[in-house]
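A closer look at the structure
Listed here are the chains, written in short residue letters.
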Amino acid sequence: MAIFDTIKDRRSIRIYKDECIPKDKLEKLLEAARLAPSAGNRQNWKFIVVENEQIKNQLVTASNNQAFVGTASHVIAGIGDSAQKWHQVDLAIALEHIALEAVELGLGTCWIGAFNEEEVKKILKIPQDKTVVALLTMGLPAESPASKPRKALKEIVVYNEYT
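About the cut-offs
- Residues numbered from 1 in each chain as written.
- Predicted model: local features only at pLDDT ≥ 70, side-chain atom pairs only at ≥ 80, totals over all residues.
- Heavy atoms only, no water.
- Helix = DSSP H or I, 4+ residues; strand = E, 2+ residues; numbered from the N terminus.
- Rg over C-alpha atoms; globule rule 2.2 N^0.38 Å.
- Contact = heavy atoms within 4.5 Å.
- Areas by Shrake-Rupley, 256 points an atom, 1.4 Å probe, with all protein chains shown as cover.
- Phe/Tyr/Trp six-rings, centres within 6.5 Å; stacked < 30°, edge-to-face > 60°.
- Buried < 20%, exposed > 50% of the residue type's maximum accessible area, 1.4 Å probe, protein only.
- Pairing = 2+ DSSP bridges.
- Expected span 1.5 Å × (residues − 1).

Topic: the overall build of the protein chain
Along the backbone of the protein chain there are six helices and four strands. The linear arrangement of helices and strands in the protein chain, starting from the amino end, is α-α-β-α-β-α-β-α-β-α. Rg of the C-alpha trace for the protein chain: 16 Å, near the compact-globule value of 15 Å for 163 residues, within the 12% margin. Over its C-alpha atoms, taken along the principal directions, the protein chain stretches across nearly 50 × 40 × 30 Å. Restricting to contacts in the protein chain with at least 6 residues of sequence separation, those with at least 24 account for 76%. By element, 52% of the accessible surface of the protein chain is carried by carbon and sulfur atoms, the whole surface being about 9,900 Å².

So, in structure tokens, the structure goes:
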């Protein structure tokens, strides 16, 4: 699949099949994150892969009771170091690498930004000096949502200066 087609086909999946992602596919997703660029090539991140049902269910509560978080095969927590200026951007790039590779592998993902960071830190035993940038659910999709409307380029792009 061409990268542009992969970008066009990516959707937020909130309904997953009750199947586990095969280990080889999971490792390929994590390898995609490992290969992501980062500021100064620091790679100053950590990915917590949650597959334990009890922990996923705790993350449901910490994620504002978004029930589908608990139905995903896996949840990945992207952890950054807030002492590093670009940690949020670096983590976002790496997690999106996972999301795009997931499309290639026939898997689905959904970014979770609505969560109680302190609760997630407690559940996953994350040190206080680290930042939970985002959670990413993943699994075998049991839905195929239509694409959502996008603004025209002329509405979002200007050249040379903000107008």
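A few points about the packing of aromatic side chains
In the structure shown here, the tally under the stated rule is one aromatic pair. Considering the side-chain rings of Trp45 and Phe47, the 5.8 Å spacing of their centres and the 50° angle between planes classify their relative orientation as tilted. For Trp45, a relative accessible area of 14% corresponds to the buried category.

Description of the pairing of strand E2 (residues 74–81)
In terms of burial, E2 is largely enclosed, as eight of its eight residues are buried. Here E2 shows two buried faces, one formed by His74, Ile76, Gly78 and Gly80 and the other by Val75, Ala77, Ile79 and Asp81. As defined by bridge partners, strand E1 (residues 45–50) adjoins E2 across six bridges and the pair is classed as antiparallel. Looking across to E2, one finds that Trp45 is bridged to Gly80. Here eight bridges tie E2 to strand E4 (residues 130–139), and the two strands are oriented antiparallel to one another. Paired with Ile79 across the two strands is Val132, which belongs to E4.

Description of helix H4 (residues 87–104)
Between its terminal C-alpha atoms H4 stretches 26 Å, which fits the 26 Å expected from 18 residues at 1.5 Å a residue. What H4 keeps buried is the set His87, Asp90, Leu91, Ala94, Leu95, Ile98, Ala99, Leu100, Glu101, Ala102 and Val103. In this fold, the buried residues of H4 make contact with helix H1 (3–9), helix H2 (23–34), E1, E2, strand E3 (108–112) and E4. Just past H4, the residue Gly106 takes up positive phi, approximately 75°.

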